[in-house]
Amino acid sequence: FATQQAEILVSALVKILEANMDIVYKDMVTKMQQEITLQQIMSQIANVKKDMIILEKSEFSALRAENEDEVIKVRTDTKLDFNLEKSRVKEL
């Protein structure tokens, strides 16, 4: 290569290298930015945990109420059956 060609080639390579380094640096974060992001994520995870506990408790309460309704229904049916059977026995 002639001196002028070599200088142009090196200049082009330097520009390409600088452009690539700019792209790499854009994707990099500082330790402080990483720590802030980590804290935000941990906070969101904590919120999800709280929501899950609340949902679990409310679902448990709903199941409990449903079971109580079923127990009352079974008791009522049993009393009715018992009274019907008692009446049948008295008739006999």
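Calculation criteria
- Residues numbered from 1 in each chain as written.
- Predicted model: local features only at pLDDT ≥ 70, side-chain atom pairs only at ≥ 80, totals over all residues.
- Heavy atoms only, no water.
- UniProt positions renumbered as here; feature names shortened; annotations may be inferred.
- Helix = DSSP H or I, 4+ residues; strand = E, 2+ residues; numbered from the N terminus.
- Rg over C-alpha atoms; globule rule 2.2 N^0.38 Å.
- Buried < 20%, exposed > 50% of the residue type's maximum accessible area, 1.4 Å probe, protein only.
- Areas by Shrake-Rupley, 256 points an atom, 1.4 Å probe, with all protein chains shown as cover.
- Lys, Arg positive; Asp, Glu negative; His and termini not counted.
- Charge placed at Lys NZ, Arg CZ, Asp CG, Glu CD.
- Salt bridge = Lys/Arg side-chain N within 4 Å of Asp/Glu carboxyl O.
- Patch = residues over 30% accessible without salt bridge, like charges linked within 9 Å, V, L, I, M, F, W, Y side chains within 5 Å.

The protein chain has the name Mitochondrial calcium uniporter regulator 1 in an unreviewed UniProt entry, where Saguinus oedipus is given as its organism. Heading Sequence similarities (unreviewed entry) of the UniProt record for the protein chain holds this comment: "Belongs to the CCDC90 family."

### Thoughts on the overall build of the protein chain
When helices and strands are counted, the protein chain shows two helices and zero strands. What you see for the protein chain is a C-alpha radius of gyration of 38 Å, clearly larger than the 12 Å of a compact globule of 92 residues, by over 25%. Reported as C-alpha extents along the three principal axes, the dimensions of the protein chain are approximately 125 × 30 × 10 Å. For the protein chain, buried positions account for 0% of its 92 residues. Counting every atom, the protein chain has about 9,200 Å² of accessible surface; 62% of that belongs to carbon and sulfur. Of note, the protein chain has its 13 positive side-chain charges centred 9 Å away from the centre of its 16 negative side-chain charges.

### Notes on the pattern of salt bridges
Going through the model one piece at a time under the given rule, you end up with one salt bridge. Here Arg88 makes a salt bridge to Glu85, at a shortest N to O gap of 2.4 Å. Taken together, the residues Arg88 and Glu85, both in helix H2 (residues 31-91) and three residues apart, mark about one turn of the helix. For Arg88, a relative accessible area of 42% gives the class partly exposed.

### Points about a nonpolar patch on the surface
A contiguous nonpolar surface patch, about 500 Å² in accessible area, is contributed by Leu17, Met21, Val24, Tyr25 and Met28. Structurally, the position occupied by Met21 is in helix H1 (residues 3-27).

### Let's talk about a negative patch on the surface
There is a patch of like negative charges on the surface, built from Glu66, Glu68, Asp69 and Glu70. Mapped onto the secondary structure, Glu66 falls in helix H2. Overall, the relative accessible area of 48% leaves Glu66 in the partly exposed class.

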